[in-house]
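Topology and contacts: notes
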Amino acid sequence: MSNTAWAVKHKPSSLGEVVGNKETIQKFIEWIKSWDVGPPKKRAAFLYGSTGIGKTITVEALAQDFKMELVEKNASDYRTEEAINRFVGLASQFSSLSGGKRIVLLDELDGLTGTADKGGVKAITDIVKDARCPIALTANSAYDPRFSNLRNYCLLLEFKKPGIGEVTKCLRGISEDEGIQADETALKFIAQRSEGDIRSAVNDLQALAQGKKRLSYEDVSWLGYRDRQESIFNVLKMIIYAKTCVGAKKAVDMADVDIDMLFEWIYENVPDHLNDPYDLANGMDALSIADVYRARIRATRDWSFMRYVIDYMTAGVAMARCKSKASGWIPFRFPSRIQMLSRSRFERATQLSIGQKVKRKCHISARRATREFLPYLRIIFKNNPEMAAGLAKWLDLNIEMIGYLVGDEGKSEAIIKLLA
Amino acid sequence: MWVEKYRPRTLVDIVDQKEIVERLKSFARSRNVPHCIFAGPPGTGKTTAALCLSRDLYGSEYREHTMELNASDERGIDVVRETVKTFARIKSIGEIPFKIMILDEADNMTSDAQQALRRTMERFTGTCRFVMCANYSGKIIEPIQSRCAPFRFIHLPREEHDHCLSQIAQKENIKLVNEGLDAIFEVCSGDLRRAINTLQAAASLNKPIDAKVVYSITGRASPSDVQKMIKTAMEGNFMDSRKQLRDMIQKYGVAGSDIIRQIHAEIFKSGIPEPWKIKLADVVGETDYRLVEGADEEVQLSALLAKLVEAGCDLKKAA
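Residues numbered from 1 in each chain as written. Chains lettered and ligands numbered in written order. Predicted model: local features only at pLDDT ≥ 70, side-chain atom pairs only at ≥ 80, totals over all residues.

Looking now at the overall build of chain B. What chain B contains, in helices and strands, is 16 helices and 5 strands. Within chain B, buried positions represent 45% of all 319 residues. (Helix = DSSP H or I, 4+ residues; strand = E, 2+ residues; numbered from the N terminus. Buried ≥ 20, exposed ≤ 12 C-beta atoms within 10 Å, placed from the backbone.)

Here you go:
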């Protein structure tokens with residue numbers, strides 16, 4: 001199993017492979033070509049649009065196609081005016097040291113926030129005004145008031161979300177490269193859920209399909225109620241790899257899923273990331289204590305215990321991780337337990353309705369009846385139609401219930417005949 | 001179901017729990033019953049005793065004077081406020097001035113509901129007597145316990161278990177060999193409800209019931225499954241052992257309490273060094289306790305598996 005993220009492994013290497021936004025990309029190409037006759041009026045291209053739709057990738061592919069050196073800086077590199085001024089040198093030279101052309105990419109401008117980045121946008125604006133080589137800027141929105149002045153000096157390029165068809169096509173290509181036979185409906189479902197965010201769609205595909213030969217609609221349909229992927233992956237990373245208790249606990253606020261679902265995510269993924277046996281034992285113990293507190297909430301209906309659930313499932317797990325080695329990129333997996341449970345939701349409803357029937361006759365709770373009677377009823381219904389028919393009549397079971405107990409539609413006929 | 005067919009109808013028919021039955025009989029004779037708690041493991045006759053008591057008191061019309069409520073299904077405080085109160089406050093017509101309320105699986109009631117119940121019990125003692133059945137009397141709040149006469153039900157002794165099953169086998173005209181009886185006792189350890197269900201399921205196969213038949217039909221994981229899971233964990237493969245656990249719980253519906261009982265037994269049978277056995281027993285015990293507290297079976301048992309992985313790793317280092 002490969003440990004690279006598919007979103008990286010399969011990223012487009014030339015502009016032709018970038019999904020969607022063809023016209024915008026064409027404008028971008030014309031602008032870069034215009035540099036051949038000297039710096040144009042607008043020295044920077046401002047690529048904006050929602051996350052994961054290929055802004056950065058477009059710049060990277062362009063550099064590749066035009067054989068330009070790409071100098072890339074992102075949010076964490078240019079926090080202050082001072083730090084930004086260090087790039088002035090780079091941006092003011094047209095040629096790179098090797099004699100080739102150069103493009104400077106300032107990624108994720110949204111990352112500039114508050115007072116810490118004071119002067120950052122102004123410094124960038126100053127650089128753009130006098131730039132002697134092309135500069136590309138990316139952000140989720142170009143219309144943030146902070147960028148109002150900067151905008152005047154930039155060619156604005158809006159990136160739109162790709163359509164479901166385009167995302168599906170992209171997923172299809174990746175599955176083929178990975179040798180996975182994927183149903184069209186499954187890919188379309190993933191594409192739909194991603195709402196145009198190609199990166200998260202590819203992450204989803206990897207998490208669901210890696211290591212499989214086939215991907216069917218059943219494998220993905222249970223995701224129906226799941227929240228957006230990217231956020232949960234980040235939250236898990238923040239929790240499991242947190243250095244402080246507070247850091248781990250804070251991640252909970254960022255999760256879009258409820259606490260029980262988040263618990264399932266952590267429970268599923270902890271063993272992969274706590275690979276030292278001592279860490280694993282401690283981490284699983286922390287989860288088990290969190291689970292005990294959940295039981296206490298149920299027993300007392302006192303939700304204030306929730307804080308201890310959160311303590312143990314986040315900080316408890318993070319603090320357990322001390323000897324484990326980082327082992328490359330391990331994809332986070334969907335909680336397979338939930339997958340199994342949701343698949344059998346219908347089954348459990350049937351079980352409980354049979355339990356209700358048993359309850360009426362056998363002085364036992366329906367829950368307990370499903371546990372203590374169902375396994376035996378199943379054996380009887382599979383093996384002995386006469387005894388089964390007698391019981392079905394006595395318990396007043398309907399055809400659906402009989403079918404469930406027999407486990408095979410065809411075979412229940414014998415019992416139904418006996419009932420008639 | 002045979003459990004129902006052969007359930008004793010009156011206190012006289014109950015063969016075991018002799019002391020309890022004697023006291024209940026005297027209640028029936030004197031036509032006075034205090035509030036009671038019947039505590040004990042599943043399948044030891046708590047509900048049966050409560051139903052028999054009621055039948056002996058009221059005769060064939062016992063249903064009009066008795067209400068059976070299952071706290072596992074209806075355990076909220078609203079049920080106590082509405083259903084229980086409504087039943088308890090209305091006076092019974094007939095010779096006996098009170099009614100009987102059987103609260104089954106009462107240890108599953110929330111403590112709020114129990115608090116509400118405590119007032120109801122007090123106020124309507126004249127018109128209603130409560131019989132609370134529970135696996136663990138400790139889960140019933142102290143004030144209720146102090147208002148009730150406690151009865152401790154114990155697992156059926158071997159002879160009575162055998163006697164009961166043999167009689168059913170005879171009446172149903174099925175062949176039950178001794179090894180089969182041994183196997184049922186081993187699997188159900190004195191839980192008569194499970195024993196009878198096992199017997200009936202085994203009988204549905206239409207062949208003599210021996211140990212092999214019993215093991216093949218019990219929903220309980222066969223000991224070898226648990227053995228394999230422990231081995232996988234001790235060898236350091238946590239993910240595989242968790243998968244095995246998940247299959248046992250979700251696919252085959254094995255109860256967590258069964259798995260833990262078997263792990264406990266297996267540890268002492270296994271070849272691991274003696275001092276480790278007792279260390280692991282403590283870990284198993286803690287897990288068992290957390291399960292009793294109502295925690296999630298798979299989460300708790302997989303935490304136990306992680307401990308086994310750790311133990312396996314330590315053992316390797318020591319070797």
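Residues and elements named next belong to chain B. Taken in spatial order, the 5 strands line up as E2-E3-E4-E1-E5 in an open sheet, and their pairing is parallel. A single partner strand is all that each edge strand has here, and the edge strands are strand E2 (66-70) and strand E5 (149-152). For this sheet, the mean inter-axis angle between neighbouring strands, taken without regard to orientation, is 15°. (Pairing = 2+ DSSP bridges. Axes fitted to C-alpha atoms, helices over the stretch in contact; angles between N-to-C directions.)

Take the environment of Gln210(A) next. All names here are of chain A. The residue Gln210 is located in the loop between helix H10 (198-209) and strand E7 (214-215) in this model. Using a count of 15 C-beta atoms within 10 Å as the deciding quantity, one classes Gln210 as partly exposed. Gln210 sits 121 residues away from Pro331 along the chain, and the two C-alpha atoms are 9.2 Å apart.

Attention shifts here to the packing of helix H20 (residues 374-383) of chain A against helix H10 (residues 192-203) of chain B. Contact geometry for H20(A) and H10(B): axes closest at 8 Å, N-to-C directions at 15°. Relative to H10(B), the element H20(A) is oriented roughly parallel. Crossing angle aside, the handedness with which H20(A) passes H10(B) is left-handed. Each of Tyr376(A), Ile379(A) and Ile380(A) in H20(A) lies in contact with H10(B), whose residues at this interface are Asn197(B), Thr198(B), Gln200(B) and Ala201(B). (Parallel < 35°, antiparallel > 145°, perpendicular 65-115°, else oblique. Left-handed = near helix turned anticlockwise from the far one by under 90°. Contact = placed C-beta atoms within 7 Å.)

All names here are of chain A. Contact geometry of H20 with helix H21 (residues 385-395) gives a least axis separation of 6 Å together with a crossing angle of 130°. As far as their axial angle goes, H21 and H20 are oblique. The crossing of H20 and H21 is left-handed. In this structure, H20 contributes Leu377, Ile380 and Phe381 to the contact, and H21 contributes Met387, Ala388 and Leu391.

Just distances and angles here, no functional claims.
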